[in-house]
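Take a look at the letters that make up each chain.
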Amino acid sequence: MVTNREIMSVAAAEGYAVGAFNINHLETLLAVVEAVVEERSPAIVSVTPSAIKYAGLEYLAAMVKVAAGKVSQPVSLHLDHGKDVDVVIRCLDAGFTSVMIDASNLSFEENVEMTSRVVELAREKGASVEAELGKLAGVEESSVEEKDAVLTDPVAAKKFVEQTGVDALAVAIGTSHGAYKFKGVPKLDFDRLGRIREKTDVLLVLHGASSVPAWIVEKATKYGAELSGARGIPEEHIKRATSLGVSKINIDTDLRLAFTGAVREVLATSRSQYDPRKIVGPAKDAMKMVVKGKMRLFGSAGKAT
Ligand code: G3H
Ligand code: 13P
Ligand code: ZN
């Protein structure tokens, strides 16, 4: 496995972005790895603390190591939204090649302090570090209300990077986690992103980047899902963010929606089916289609042999 720094530095230099796909179980990992091979793309496999709670750190780490060992394309194993030093240490010990410390709910000084400590720990293991400045709204283990969201200040970003030495910075420019990102017209603060890019050459990350594609929502809804008002980031916005220097793009919601739609379809149309492989197998294929689409959209398809 390689580090996010390695994957992202190449992407940043060549002007594309790499998808960071959240996994909680085998099927999502298979979807990502099969897409890596078929699209000849690098990929970042992300695991959150709640994924660890669900599946167990050893299981997740071992699965990703096996998967990465089977392919020739670059794959990293990344802790997404690590909230404390303890989970970071556990992941580094389990062989993660990259960790995110998300202390964005703390004060600037406390964020600097915790991030610096994580940078120190990660350096000992040769792993890379992502931190977050500003606050994204939406669904996470501890959700941030829309009113509490804070966009990243470019001047503070520069100072933060200088004081911590992080490899990558997650910026808040109007995206949010989950399937309900906008009530009205989708709008991101590209001007802010441009100013952040001018102030620092840290690798940039966009969280909350799912597009919530209409076709996935329609399919899930057709088979009984209730997703009214679901809205994501338009694909043109993703392209623009990439052109402004974002080199890692986080995707979870679109995989969840694809999984849900496919499982609902099987259960609704094959009522006598009770083989789990025939139920989650199509869900894996649906997620793979999503991952492949992201790799093409982000420009990472064809970048790895
Ligand atoms: O920020 C990442 C997620 O989309 C939330 O994931 O439910 O595994 O914490 P989680
Ligand atoms: P989405 O909810 O838009 O997929 O964002 C996922 C994410 O940012 C994971 O860290
Ligand atoms: Zn996120």
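For the structure, see preceding data.
Q: Would you take a moment to explain the side chain of Arg-192 for this structure?
A: Structurally, the position occupied by Arg-192 is in helix α8 (residues 190–199). With residues up to four places along the chain from it excluded, the contact list for Arg-192 reads Leu-151, Thr-152, Asp-153, Pro-154, Ala-172 and Ile-173.

Q: Where do I start with the site of ligand 2 in this structure?
A: The environment of ligand 2 is formed by 14 residues, the closest being Asp-80, Lys-181, Ser-210, Asp-252 and Thr-253. Within the side chain of His-81, one N or O atom sits 3.2 Å away from an oxygen atom of ligand 2. One nitrogen or oxygen atom from the side chain of His-177 is found 3.0 Å from an oxygen atom belonging to ligand 2. Against a free-state accessible area of 310 Å², the protein chains account for coverage of 97% of ligand 2.

Q: Can you walk me through helix α10 (residues 235–243) in this structure?
A: Because an α-helix completes one turn every 3.6 residues, residues spaced three or four positions apart along the sequence face the same direction. The set of residues buried in α10 consists of His-237, Ile-238, Ala-241 and Thr-242. The arc enclosing the buried residues of α10, seen along the axis, measures out at 140°, which places them on a common side. Opposite the buried face of α10, by more than 90 degrees, sit the exposed residues Glu-236, Lys-239 and Ser-243. If you follow the buried residues of α10, they end up packed against α8, β9 (203–206), β10 (246–251) and α12 (276–298).

Q: Would you explain the nonpolar core in this entry?
A: Generally speaking, soluble globular proteins have nonpolar side chains that are buried together. Core analysis: the biggest nonpolar cluster contains 87 residues, and Phe-96 and Val-99 have the highest contact counts within it. Phe-96 has contacts with Val-47, Leu-57, Ala-61, Leu-77, His-78, Leu-79, Cys-91 and Ala-127, leaving out every residue within four places of it along the chain. Core analysis: the next-biggest nonpolar cluster, separate from the first, contains 12 residues, Ile-7, Ala-11, Leu-203 and Val-205 among them.

Q: Would you mind going over the sheet that holds strand β2 (residues 43–47) with me for this structure?
A: Backbone-to-backbone hydrogen bonds join strands into a sheet, with any given pair of strands oriented parallel or antiparallel. Spatial ordering of the closed barrel is given by β1-β2-β3-β4-β5-β7-β9-β10, a layout of 8 strands whose pairing is parallel. Along the sheet, successive strands turn relative to each other by an average axial angle of 25°, direction set aside. As paired elements, strand β5 (residues 128–133) and strand β7 (residues 168–171) share 4 bridges and run parallel to each other. Its bridge partner lying in β7, Ala-131 is registered against Leu-169. Relative to β5, helix α6 (residues 108–125) is tilted by about 170°, and along the sheet it contacts β4 (98–101) and β5.

Q: In this structure, what is going on with the coordination of the zinc ion (ligand 3)? I would like to understand it.
A: Ideal geometry at a metal centre: 109.5 degrees between donors when four sit tetrahedrally, and 90 or 180 degrees when six sit octahedrally. Looking at the zinc ion (ligand 3), one finds its protein donor set to be His-81 (NE2), His-177 (NE2) and His-207 (ND1), positioned 2.0 to 2.1 Å from the metal centre. Here the donor residues for the zinc ion (ligand 3) map to a single chain with the spacing H-x95-H-x29-H. Of this pair, His-81 sits in strand β3 (residues 75–82) while His-177 sits in strand β8 (residues 176–177), and the two are 96 residues apart along the sequence. Considered together, His-81 and His-177 belong to a single accessibility category, that of buried residues.

Q: Explain the packing of aromatic side chains here, please?
A: The relative placement of two aromatic rings is captured by the distance of their centres and the angle of their planes. Taken as a whole and assessed by the stated rule, the structure comprises 1 aromatic pair. When the centroid spacing of 6.0 Å and the interplanar angle of 70° are considered together, the rings of Phe-108 and Phe-160 count as edge-to-face. One end of the pair, Phe-108, is in helix α6; the other, Phe-160, is in helix α7 (residues 154–164), with 52 residues separating them in the sequence.

Q: Just to check I follow, could you spell out empty space enclosed by the protein for this structure?
A: Unfilled space is identified by rolling a water-sized probe across the atoms. In the structure shown here, the tally under the stated rule is 1 cavity of 30 Å³ or more. Empty space within the largest cavity amounts to approximately 30 Å³. The wall of the largest cavity is formed by Trp-215, Ile-216, Lys-219, Leu-257, Ala-258, Gly-261, Ala-262 and Ala-286. Ranked by the residues each element gives to the lining of the largest cavity, the list is headed by helix α11 (residues 253–269), at 4 residues. For the lining of the largest cavity, the residue count by class is 6 nonpolar, 1 polar and 1 charged.

How each quantity is defined
Residues numbered from 1 in each chain as written. Chains lettered and ligands numbered in written order. Predicted model: local features only at pLDDT ≥ 70, side-chain atom pairs only at ≥ 80, totals over all residues. Heavy atoms only, no water. Helix = DSSP H or I, 4+ residues; strand = E, 2+ residues; numbered from the N terminus. Contact = heavy atoms within 4.5 Å. Near = heavy atom within 4 Å. Polar contact = N/O pair within 3.5 Å; in protein donor to acceptor, adjacent residues only side chain to side chain. Areas by Shrake-Rupley, 256 points an atom, 1.4 Å probe, with all protein chains shown as cover. Buried < 20%, exposed > 50% of the residue type's maximum accessible area, 1.4 Å probe, protein only. Arc of directions from axis to C-beta. Core = buried A, V, L, I, M, F, W, Y, C linked by side-chain atoms within 4.5 Å. Pairing = 2+ DSSP bridges. Axes fitted to C-alpha atoms, helices over the stretch in contact; angles between N-to-C directions. Donors = N, O, S within 2.8 Å, 3.2 Å for Na, K, Ca; no water. Phe/Tyr/Trp six-rings, centres within 6.5 Å; stacked < 30°, edge-to-face > 60°. 1 Å grid on protein atoms, 1.4 Å probe; cavity = no way out; pocket = protein on both sides within 12 Å on 5 of 7 lines; lining within 4 Å. Points joined across faces, edges and corners; volume = space filled by probe spheres on them. Nonpolar A, V, L, I, M, F, W, Y, C, P; charged D, E, K, R; others polar.

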